[in-house]
Each structure stands twice: as structure tokens, then as C-alpha cells.
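Here's the letter readout for the chains.
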Amino acid sequence: MSLLRIRNLSVEFATASGRFRAVDGVDQDVDEGEILAIVGESGSGKSVSMLAVMGLLPWTATVTADEVSFDGQDLLAMDAAARRKMIGKDLAMIFQEPMSSLNPCFTVGWQIREALRIHLGMGRRERQARAIELFEQVGIPDPEKRLGAFPHQLSGGMNQRVMIAMAIACKPKLLIADEPTTALDVTIQAQILDLLTALRDETGMGLVLITHDMGVVAETAERVSVQYAGQKIEEQRVGPLFRTPHHPYTAALLDALPERATEKHLPTIPGVVPGQFDRPEGCLFSPRCKFADAKCKAQVPPALGPDLGRARCFYPLNTDERVAS
Amino acid sequence: MLNYVLARLLTFIPTFIGVTLVSFSFIRALPGDPIQVMAGERGISEERYAELAAQFGYDRPIYVQYWDYLTGVLQGDLGVSFVTKRPVWDEFFSLFPATLELSICAMIFAVALGLPAGVIAAVNRGKFFDRALMSTALVGYSMPIFWWALLLIIVFSGNLQWTPVSGRIGLQYYFPDPTGFMLIDSLASGQKGAFLSAVRHLILPTIVLGTIPLAVIARQTRSAMLEVLGEDYIRTARAKGLTPARINGIHALRNALIPVVTVIGLSVGTLLAGAILTETIFSWPGIGKWMVDSIFRRDYPVVQGGLLLVAVLVMVVNLIVDMLYGLINPKIRKR
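The residue numbers shown here count from 1 along each chain, following its written sequence. Lettering for chains starts from A, numbering for ligands starts from 1, and both go in the order in which the items are written. In keeping with the predicted nature of the model, local features appear solely for residues at pLDDT of at least 70, side-chain atom pairs appear and are counted solely at 80 or more, and the whole-chain, interface and lining totals rest on all residues. The side-chain numbers reported here are obtained from all heavy atoms of the structure, hydrogens and water having been left aside.

Novice: Lay out the overall build of chain A with the relevant residues and their values.
Specialist: Elements are defined by DSSP. Helices are runs of H or I of four residues or more, strands are runs of E of two residues or more, and each kind is numbered from the N terminus. Scanning chain A from terminus to terminus reveals 12 helices and 11 strands. The C-alpha atoms of chain A give 21 Å as radius of gyration, which agrees with the globular expectation for 325 residues (20 Å, within 12%). Its C-alpha atoms put chain A at 65 × 50 × 40 Å along the principal axes. Sorting the 325 residues of chain A into buried and exposed places 55% on the buried side. Of the accessible surface of chain A, which amounts to about 14400 Å², a share of 51% is contributed by carbon and sulfur atoms. The charge count treats Lys and Arg as positive and Asp and Glu as negative. His and the chain ends do not count. To locate a charge, the coordinates of NZ of Lys, CZ of Arg, CG of Asp or CD of Glu are taken. For chain A, the separation between the mean place of its 35 positive charges and that of its 41 negative charges on side chains is 4 Å. The size measure is the radius of gyration over C-alpha atoms, and the globule rule it meets is 2.2 Å times the number of residues to the 0.38 power. Burial here depends on accessible area, computed with a 1.4 Å probe over protein chains only, as a share of the maximum for the residue type. Under 20% is buried, over 50% is exposed, and the range in between is partly exposed. Working definition of accessibility: Shrake-Rupley area with a 1.4 Å probe, residue cover restricted to the visible protein chains.

Novice: So what's going on with empty space enclosed by the protein? Which residues, and what values?
Specialist: Only protein atoms enter the 1 Å grid used here. Points where a 1.4 Å probe fits but cannot escape make up a cavity, open sets with protein on both sides within 12 Å along at least five of seven lines make up a pocket, and a residue lines them when an atom lies within 4 Å of a point. Grid points are joined across faces, edges and corners, and a volume is the space filled by probe spheres set on the points. Taken as a whole and assessed by the stated rule, the structure comprises four cavities of 30 Å³ or more. Taken together, A:Gly88, A:Ala92, A:Met93, A:Ala115, A:Met163, A:Met166, A:Ala167, B:Thr236, B:Ala239 and B:Lys240 make up the full set of residues lining the largest cavity. For the lining of the largest cavity, the secondary-structure elements that each account for two or more residues are strand E7 (91-94) and helix H7 (156-167) of chain A together with helix H10 (232-239) of chain B. When residues in the lining of the largest cavity are grouped by element, the largest group, three residues, is from H7(A). Of the residues belonging to the lining of the largest cavity, the class tally is seven nonpolar, two polar and one charged. Estimated volume of the second largest cavity: approximately 70 Å³. In this structure, the second largest cavity is lined by 13 residues; those nearest its centre are A:Pro248, A:Cys283, A:Cys289, A:Cys296 and A:Cys313. As a working rule, the residues Ala, Val, Leu, Ile, Met, Phe, Trp, Tyr, Cys and Pro are called nonpolar, Asp, Glu, Lys and Arg charged, and the rest polar, with Gly in that last group. Class assignment for the residues of the lining of the second largest cavity results in 11 nonpolar, two polar and no charged.

Novice: So, the side chain of A:Ser44: which residues are in play, and what are the values?
Specialist: Residue and element names in this part refer to chain A. Within the secondary structure, Ser 44 is located in the loop between strand E3 (35-39) and helix H1 (46-54). Residues adjacent in sequence count toward polar contacts only when both atoms are side-chain atoms; beyond that, a polar contact is any pair of N or O atoms within 3.5 Å, and within protein one must be able to donate a hydrogen and the other to accept it. At a separation of 2.7 Å, a polar atom in the side chain of Ser 44 contacts the main-chain carbonyl oxygen of Glu 41. With residues up to four places along the chain from it excluded, the contact list for Ser 44 reads Ala 22, Gln 227, Tyr 228, Ala 229 and Gly 230. In this analysis, two residues are considered to be in contact whenever any of their non-hydrogen atoms come within 4.5 Å of each other.

Novice: Lay out the sheet that holds E3(A) in plain terms, naming residues and giving numbers.
Specialist: All names here are of chain A. Strands qualify as paired when DSSP identifies two bridges or more between them. Pairing is mixed in the open sheet, where six strands are placed in the order E7-E8-E9-E3-E10-E11. This sheet does not close on itself; its edge strands, each paired only once, are E7 and strand E11 (231-237). Ignoring which end each strand starts from, the neighbouring axes of this sheet average 15° apart. Pairing of E3 with strand E9 (residues 206-211) involves five bridges; the strand directions are parallel. Fitting a line to C-alpha atoms yields each axis, with helices limited to the stretch in contact; the angle taken between N-to-C directions then spans 0 to 180 degrees.

Novice: Provide a residue-level description of the pattern of salt bridges, including the pertinent values.
Specialist: The working definition used for a salt bridge is a side-chain nitrogen of Lys or Arg within 4 Å of a carboxyl oxygen of Asp or Glu. Under the criterion given, the structure shown has 27 salt bridges over all chains. The residue A:Arg223 makes a salt bridge to A:Glu235 at a minimum N-O spacing of 3.5 Å. Of the two residues, A:Arg223 sits in strand E10 (residues 223-228) while A:Glu235 sits in strand E11, which places them 12 residues apart along the sequence. Like A:Glu235, A:Arg223 is buried. With its nearest N and O atoms 2.5 Å apart, the salt bridge here joins B:Arg168 to B:Glu101.

Below is the structure:
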């Protein structure tokens, strides 16, 4: 039984120009203590699907799914009050911009102690002690002094540590990190990723890492799910994914890694993710795929078996024999 | 902080001189002068007029008169009322508590209703409550204050007989007024029903004076809240599993308060201007009514002194408001 189980999740936004499907029939499983990376370009729906799990989407969004369950509880059937008891406690999330994700009007200590008071009902002394402990755990030096600081007095990396401390304050079973290192510089990125992995090892929580950085994936993840235009198009363990990607999109993403470049020019994927108005008939990647033929453009490819990474493709790569179509 | 306050106090100097100049020249630009007003319809002989003008110094060149006035003000001498012969300073401070009491009540009324109304409207953006509230606020803001006062008097004092029409307290009550604040003095007097009478006298003037600030505060709170509710830290607050009441009332409102405090500060000026009309309609013995009466009497020293004191008051309040920003949002403190 997986910790987080999502079946056929779709999210639609009502926009001024009609409905836009940001997430399209995504399945996802996260086990206890596992690190799952969700990779994709901007607009591939990776953040939106996790925001839907957290219940943080704006009112313009409509969420439909066959199943969304966390720790054996059905999130779809849950009312808002019951969900509030769960998120921030068992299910926590951190975000891309640490500087703007903390409230500028309150000290970071206040913001952490608030979470402890709301979910755990701790007393004043207990909260302060736990907050100091958390700051030490996420590697913030001089915690007693830093608790009294306002977010603008700390650096981006420090603020992300504060966010992490706040997220793990109530010992969550699953932490969703939405591009936690994108806004930070490279040395700090590595520190934050190490911290997240270390915290996973320490506490045994599951970790969902949303990123568009294949380097981050290689370093941190255990299993990888690749999303494109709202669909999950491939899923493999990290080693096999890097060695034998099955979907042409995954392969193209890997080819675009600077470390892998063999020629003078870095290979790129031409075009952009289809939007609201240029959604193709068949395979969503077909307009940008160098292997696509008439069939790809006309028919929607079904997901293949687990041995082929559940790739949504008629002509998966790195197979000994082409799957008969 | 100290440097900041000193720098701000320096900017008071040109404003201060400007106000003296404007008040000095405007009241003299009006046709007639105090001597003519005093003489009334019977008129006055040329010789007697010249004699009086010389006595009060009005025969001298205008710039000499201004210089006299300005040097007097800088020495703390605002002059003596032409009519009552009492120092302007004393008159101002004997009447000011009445205006202050009314203004404070009006401000409390405006903030107590305006803030929650703005928050609720922002949270329910686009829904019925939001639209109803914002159209009401627009009406409140656009309504002529004297007409609104008369309307309330007709309904609540005339038809329903719930509230008195004018004054600060019922005529049957008499007691010393050490503070000048009727609510406090009536309570201290221990006379039965005095406090209640003072409250009933305050209700209508408070509503009338507070209506425009209420409308402005409600609209400003709404738009500030709408902006703040889209911020990342509100998403964080929601991800913490906080209740909507806590998110809106604490996390969002604290950030939305900065522009709201600004309009509250600016409303002090509006309030004192509105006090002139409101006090006149309700025969409220405050500085508003005092100034209007003085203008009709061409009581030069009172008009000049009153305007100056009110202007200084508004400047000081705005300085305090600027210092409040840093308290609300520590990020501003750095600058």
C-alpha cells in the first residue's frame, strides 16, 4: 500500500478563453521513505498535480480523479476542515521562492511556532525548544538568535532552510518540494538537496521532488516520473531511466544535458509545450518528436507496460524488439 | 529613527510658513473686516473706523502685519480673539476636546466597520456581499455630508425620536468638565443618566463624520487584501493547514494594513474638515463650529490661529503614521 496514491488525476482551469486542462489523467504512487522526482518543462503540470493533492489550487481549478488517497485516507471525500488537520502536519510542502514564501511581517520563529501550536498544541516553552531543535536539524547556525529574525534579514538559502524546518516541524509522512532549489545559487542548491536527502534518511518520510533539472534528479531521486503537457509519459527508477529512456521526450531531455553533450552545440528540443489552443490530436509530443509519423499525429498512444516505463509512445526507444503496433 | 524624525520635522517648516501665509491672506481676501462686522447694519463713521483700525494695527502695510503675526506665532503668541478678547490659544484648547472626542469616535466607528467589511469583501470577491458593500461604500463616499446629516436627523431624531438633534448632553445635566471629554466627565460626575445622554448625543455626529473615512477605509482594505491574497506567503499559510479566518485575519491583514494606515492618516485631515460641517449642523461646540463662526465674524486672529493649529495637528498625525509603518512591516524599518 503506497503512502500517496493518485489515479487518473485531471485538473482543469476556467480561463477567460475557455477551459484549460493542466493535468491530464495522471497516475502516481509514492511509497514511505521513497524519493520520487517529477520532471518536466514549465507548463507540464507537475506543480499543479501536487498542489491539487494539497488542496491549494485557486477556485478557478476543477479537480477530478478516480482516486487520491494519502496514508489510507481518501482526500477526495475529505471536507476542508479535515484536510486542514492533515496538511502542514502529515503532508507538507515547500516552494520555489523562499524569499516570498515567508510572511514578511512576522519573525521566522513566530511562523514556525505557529505550525507547532496549531497542529500539536504545544505550550510556549515546548514550542521554543522544538523550534531551536528544528533549526539545528536544518543546519541554521545560532538558532536562538535567528528565530527572532525577519525573512528579509536572512539569505535565500537560509529562508529555504526555514521553510524546510517549518515543513518538517510536525514530522510529516510526506514532504512535497516544488522546485526547492530553482531560486538559489548552485552551491546552496547542493546543500539544500543534501539536507532534504539527509532528513529523509533520518525521519523516513517520503519525498516528492518537483524539478526541471535533470542534474538534481540524478543526484537525489530514486524513481523518476516524466511529465509532458499534463500527462505522465514515462516512469522508471533513476538508473535505468538515465541509461535506457524509452520515451523520445525523456531521451531528448537527457541529450540536452550539458554533461552529456558530445558535439560543440548543445542539442535542444525544438518548439514549446503545446498550450490551450495548439493541442495536437494524437501524441502530445508528436509535433516536436524526430521519430513521429502519421500514426503518432493521428492517434493517442496508450501507456505501455511497466517493463517499458509505462511510456506513452508507439515507438519506444531502447527496446530489443519494437512493440507491435 | 531619530534622524528620520528630525528630517521630517525640518520639512514642517515650509508647510508651516505656507499655512500662515494662506490663512493670513485668505481671510483678508474676503470682503469686509472685523470692524465693519462689529459695527453691523448701522455702519460706522469714517473717523471712528480709522481710529479703530489704527488701534488694532489694520492701517499698517499688509506685509508689516504679516511679519508681526509670524513673529508672534514663533513666540507662541497666536493673538487675541477680536470678539471674545480671549487668547486664541486658550479658546482652541477649551474647545478642542469636543472635536477630538467626536473625531476619535468617528475614527473608531470607521475603522471598526471598515476593516472587517473590506476583508470580508476581498475574501468574497465578486460575490453579492462584495458588490453590495462596494456600491454602498461608493454612495457613502459621494454623499454630501450635510445632506446625509439632515437625512439622519429627520429619520432618527424626527420620525423615530431615538436621538437628540444637537448639543453634547441633555440640558438637565450640569457638572464640572476637568477633561473636556463629555464621555469621561459625565461618567466621573456620577449623575444618573448623564453618560447615556452623552452617548446618545454622540451617535449621529459620529456616524455622519465617520461615513467618508469608513467608505475609504473599506475600499482601501479590500484592494490591499486582494493584492496580498495572491502572494506566495499566503499559499504557505494555507499549506500549513491554517483556518481561513487565521489566514485572512492575521497573515494577510497584517500585510494589507500599510496602505490602510496611510488612508487612516490622511483621513485625519478629512475628519477635521468634515468636523466643520458636522459640528455646525449638530451645534457641537468644537473647533469646527468655532472656526465657522469666526469666519463670519471676520475674527482674523482666530481663523489664522485655528487653521494653523489644525494644520500642525494633521502634520504630526501623518508623521506618527509614517513611524507606524515600521512597526507593522519590519521590512520598511530598514529604509
